[in-house]
Amino acid sequence: MAPYINSPFGLLNMYNFSINAGVVVSVVLLAILYFVIFRKFRCVLFILCYGAILIIGRYASTMVRAINDGFLDRGESLIGAIKMEVGSHFLGHIFTFFILFYPVAFFLRAVCRDVFGFSLADANDTFRAGAIAAFAFPIQHIFNRLGCLCRGCCNGISYNGRFAINLPYNPDVEGTVFPSQILEMLLMAVLFIVLVVAYKKGLDTFGIVIMGFGITFFISEFFIENPFSVKHFGLTYVQLLSIFIVILSLVYMVTSGKVKGYFIVKTEKE
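Numbers given for residues are sequential positions, taken from 1 along each chain in its written order. Thresholds applied to this predicted model are a pLDDT of at least 70 for local features of residues and 80 or more for the giving and counting of side-chain atom pairs; totals over whole chains, interfaces and linings are not thresholded and use all residues. Side-chain metrics in this entry use all non-hydrogen atoms of the structure; hydrogen atoms and water are not considered.

(A) Main features of the nonpolar core. Among the buried residues, those of types Ala, Val, Leu, Ile, Met, Phe, Trp, Tyr and Cys that are joined through side-chain atoms within 4.5 Å form a nonpolar core. Buried means the residue's accessible area, taken with a 1.4 Å probe over protein chains only, is under 20% of the maximum for its type, while exposed means over 50%, and partly exposed covers the values in between. In this structure, Y34, F46, F97, F101 and F213 are the most contacted members of the largest nonpolar core, which totals 47 residues. Helix and strand definitions follow DSSP, with helices as H or I runs of at least four residues and strands as E runs of at least two, each counted in order from the N terminus. Looking at this core, the elements that each hand over two or more residues are α1 (14-38), α2 (47-68), α4 (91-114), α5 (123-133), α6 (136-151), α7 (180-200), α8 (205-220) and α9 (237-269). When checking whether two residues touch, look at their non-hydrogen atoms; a contact exists if any pair is within 4.5 Å. Excluding residues that lie within four positions of it along the chain, F213 makes contacts with F90, I94, F137, P138, H141, M188 and L191. Among the nonpolar cores identified, the runner-up in size contains 6 residues, and I67, L78, A81 and Y237 belong to it.

(B) Molecular detail of α4. A rise of 1.5 Å per residue sets the reference length of α4, with its 24 residues, at 34 Å; its end C-alpha atoms lie 34 Å apart and thus fit the reference within 8%. Note that bend, as reported per residue, equals the angle between axes fitted to the 7 residues terminating at that residue and the 7 residues originating from it. At L100, α4 is deflected by roughly 45°, the largest bend along its length, and proline P103 occurs up to four residues later in sequence. One less than the residue count of a helix, multiplied by 1.5 Å, gives the span that helix is expected to have.

(C) Looking closely at the packing of α6 against α8. All axes are obtained by fitting lines to C-alpha atoms, using only the stretch in contact for helices, and the reported angles, taken between N-to-C directions, cover 0 to 180 degrees. Between α6 and α8, the shortest axis-to-axis distance is 10 Å and the interhelical angle comes to 30°. Relative to α8, α6 is oriented roughly parallel. Mapping the contact onto sequence places F137, P138 and H141 in α6 and V209, F213 and F217 in α8. In this count, Pro and Cys sit with the nonpolar residues alongside Ala, Val, Leu, Ile, Met, Phe, Trp and Tyr, while Asp, Glu, Lys and Arg are called charged and the others, Gly among them, polar. Here the contact of α6 with α8 is built from residues that sort into 5 nonpolar, 1 polar and no charged. Angle categories: roughly parallel below 35 degrees, roughly antiparallel above 145, roughly perpendicular from 65 to 115, and oblique for all the rest.

(D) Summary view of the pattern of salt bridges. The term salt bridge refers to a side-chain nitrogen of Lys or Arg lying within 4 Å of a carboxyl oxygen of Asp or Glu. The tally for this structure, following the rule as stated, stands at 2 salt bridges. With a shortest N-O distance of 3.1 Å, D125 and R128 are connected by a salt bridge. Of the two residues, D125 and R128 are both situated in helix α5; the distance of 3 residues between them amounts to about one turn of the helix. Residue R128 is classed as partly exposed on the basis of its relative accessible area, which comes to 29%.

(E) How the structure looks around a nonpolar patch on the surface. Taken together, V24, V28, I32, F35, V36 and F41 make up a surface patch of nonpolar side chains, about 580 Å² in accessible area. With respect to the helices and strands, the residue V28 is situated in helix α1. By relative accessible area, V28 is classed as partly exposed at 43%. Within this analysis, patches are made of residues with over 30% relative accessible area and no salt bridge. Like charges are joined at 9 Å or less; nonpolar side chains (Val, Leu, Ile, Met, Phe, Trp, Tyr) at 5 Å or less. Per-residue and other accessible areas were derived by the Shrake-Rupley procedure at a 1.4 Å probe size, with only the shown protein chains allowed to occlude residues.

(F) Spotlight on α8. Counted at 1.5 Å a residue, the expected span for α8 with its 16 residues is 22 Å, and the 22 Å between its end C-alpha atoms agrees. For α8, the buried fraction is high: 12 of the 16 residues fall into the buried class. Taken together, the buried positions of α8 are occupied by T205, F206, G207, I208, V209, I210, G212, F213, G214, T216, F217 and S220. N-cap assignment for α8: the residue whose side-chain oxygen lies 2.9 Å from the backbone N of F206 is D204. Polar contacts here mean pairs of N or O atoms no more than 3.5 Å apart (in protein, one a potential hydrogen donor and the other a potential acceptor; neighbouring residues in sequence count only if both atoms are side-chain atoms).

Have a look at this one:
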């Protein structure tokens, strides 16, 4: 796949196009899901939560990339890494989603109720909004890795076995490599199917998507070539952070029932 293609609008950067297309497709998907499931157009406002995650997550993703590339080990500043735009890792978006989506959603709900005088959604539907938002992230990351494949970045380790690929547009890659980008795309497709099945069975997709991304990044890091990554205990920082968010997702799924029940009862009293 070429990093640039001719289009009616001129030379198109396929990496930037794929990244932006992923954002657009995921936002449109969420808008449709919110409207179809809630049957209230105002629930589309929950997309503002998703937008906030994307904005804040951009900086978190840069910090994850910088940490994985050894900035802290070399005593360098993460703020400097953000200014330098050293790259990003989608794990930052996932961690931001886990930490901030519900606080932002409940804040938006309170603003709609107390400032504008209308009900956005009850507490139960606010929690459902987070479960539905989980579907957008695998779709967006498929487009992310498609962009990486076009540009030849985030390439796999040297490999000449079955399914090996060439990345002629990356001058730093010699010979054939493992298709790490395609691996993550396939794992995202599997995760999306798991989310659909889980949602139909009434399971909490919010926690499942966090766990799914943690497992995906832990596995894929073994096959990605990164000469800058620093390892501890034989694992990269991305893998260590992936283990951390998997543990967080397990804690969330074990305790979420009681936490949600508390908030639903509390808001009903209000």
